[in-house]
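Chain by chain, the residues run as shown.
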Amino acid sequence: MYNKHAIVGMYCETPLHAGSGQAVGVVDLPIQREKITNWPTIQASGLKGAFRNAYEDGDGQNTNDIFGSDKSGDQAGAISIGDARLLLFPIRSSVAPFLWVICPAILRKLKRDGKIVGKEYVWTIPDVQEDKYLGLTGENEAIIFEDLMLFGNGKLEPDILKSVKEFVPGDDFYNTSSLEKYLCLVSDASFSVLVETGTEVQARILLNDKKTSENLWYQELVPSNTVFYTIISMTNARWEKEEERKSGNDLMKSLQDTLKEYVQIGGDETLGRGWMRLVWQEVK
């Protein structure tokens, strides 16, 4: 039974490529996306591996207790880590370098995920029409989001803003203190269009010894400033001798103290991809 839980915000400091391993159309290396929604995600197996590597490079003394032995057939780890779910997606706009967008479906999922680990969100999920957005000044201002023109239809509930702020670093240069100036709630349909077209696609070229092109491929990236979140749960260490077992609380503290800020996730580490800043919310 898992006895310690945390919700972890994951802020993309640099573009992220968590690859799906399957070409889609002209994109040779697409990102991972949820099957049903087609929204960007990071699969739990990749998260667990990245967290393990970062933990080993840091403290490392409880690696096998937390993540399990790397020898086949040995004890399982105490951690349970879910897929990284999309929370805020940055979109270029006509009024700012970028605005973050969120939608009712994400808020509904956040409520359900919170309930699993005992965190209650008491705000009401608002409705929003397909050609509207909620947030910013609350006035009927027309804003171009990527290729969509949407019209303001009121402000966001303060409690929703407060909850979202918990997932973003508190430093001033993350716009956290004035999040209401950058966050918009759009319809589920508009959100799906924006996250489908708002990712980056970059051309990559392999050069031979003569510095001429030998191969050309296209790679998709989740843009920097995207915010994901994941649920982490911990139980007591699973070793056979009960007196040697460390508690889930101690293991969670060790993980959080070691991975208190940055972790690299996904491919192209040598190109600076996938640097994430973690924001921990302990639940119980």
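This text goes with the structure placed above it.
Residues numbered from 1 in each chain as written. Predicted model: local features only at pLDDT ≥ 70, side-chain atom pairs only at ≥ 80, totals over all residues. Heavy atoms only, no water.

Okay, the overall build of the chain next. Per the secondary structure count, the chain includes six helices and 13 strands. Against the globule reference of 19 Å for 284 residues, the chain gives a C-alpha radius of gyration of 20 Å, in line with a compact fold. The dimensions of the chain, computed from C-alpha atoms along their principal axes, are 65 × 60 × 35 Å. Counting every position in the chain, which comprises 284 residues, the buried fraction comes to 48%. For the chain, the share of sequence-separated contacts (at least 6 apart) that also reach a separation of at least 24 residues comes to 65%. Taken together, the 31 basic and 41 acidic charged side chains of the chain have centroids lying 3 Å from each other. (Helix = DSSP H or I, 4+ residues; strand = E, 2+ residues; numbered from the N terminus. Rg over C-alpha atoms; globule rule 2.2 N^0.38 Å. Buried < 20%, exposed > 50% of the residue type's maximum accessible area, 1.4 Å probe, protein only. Contact = heavy atoms within 4.5 Å. Lys, Arg positive; Asp, Glu negative; His and termini not counted. Charge placed at Lys NZ, Arg CZ, Asp CG, Glu CD.)

Now for the pairing of strand E6 (residues 142-145). On E6, burial follows the alternation: Ile143 and Phe145 on one face are buried, whereas Ala142 and Ile144 on the facing-out side are not. In textbook terms, the turn of a hairpin is the stretch between consecutive antiparallel strands, and for E6 and strand E7 (residues 148-152) this stretch comprises two residues, one of which, Glu146, has a positive phi near 55°. (Pairing = 2+ DSSP bridges.)

So, about the environment of Asp268. Among the secondary structure elements, Asp268 is positioned in the loop between strand E12 (262-264) and strand E13 (275-282). Judged by its relative accessible area of 21%, Asp268 falls in the partly exposed class. For the pair formed by Asp268 and Asp131, sequence separation is 137 residues and the distance between their alpha carbons is 38 Å. Dropping the residues within four chain positions of it, Asp268 is found in contact with Arg204, Gln219 and Arg273.

Close approach of charged atoms allows side chains of opposite charge to pair. Scanning all chains against the criterion turns up 10 salt bridges. Of the charged contacts, one joins Asp113 and Lys109 as a salt bridge, the two residues approaching to 3.5 Å between their closest N and O atoms. On the criterion of helical spacing, the pair formed by Asp113 and Lys109 is a turn pair, its members being four residues apart in helix H3 (residues 104-116). With a relative accessible area of 4%, Asp113 lands in the buried category. Take Lys109: its relative accessible area is 22%, and that puts it in the partly exposed class. Here the residues in one salt-bridge network are Arg85, Lys109 and Asp113, joined through shared partners. (Salt bridge = Lys/Arg side-chain N within 4 Å of Asp/Glu carboxyl O.)

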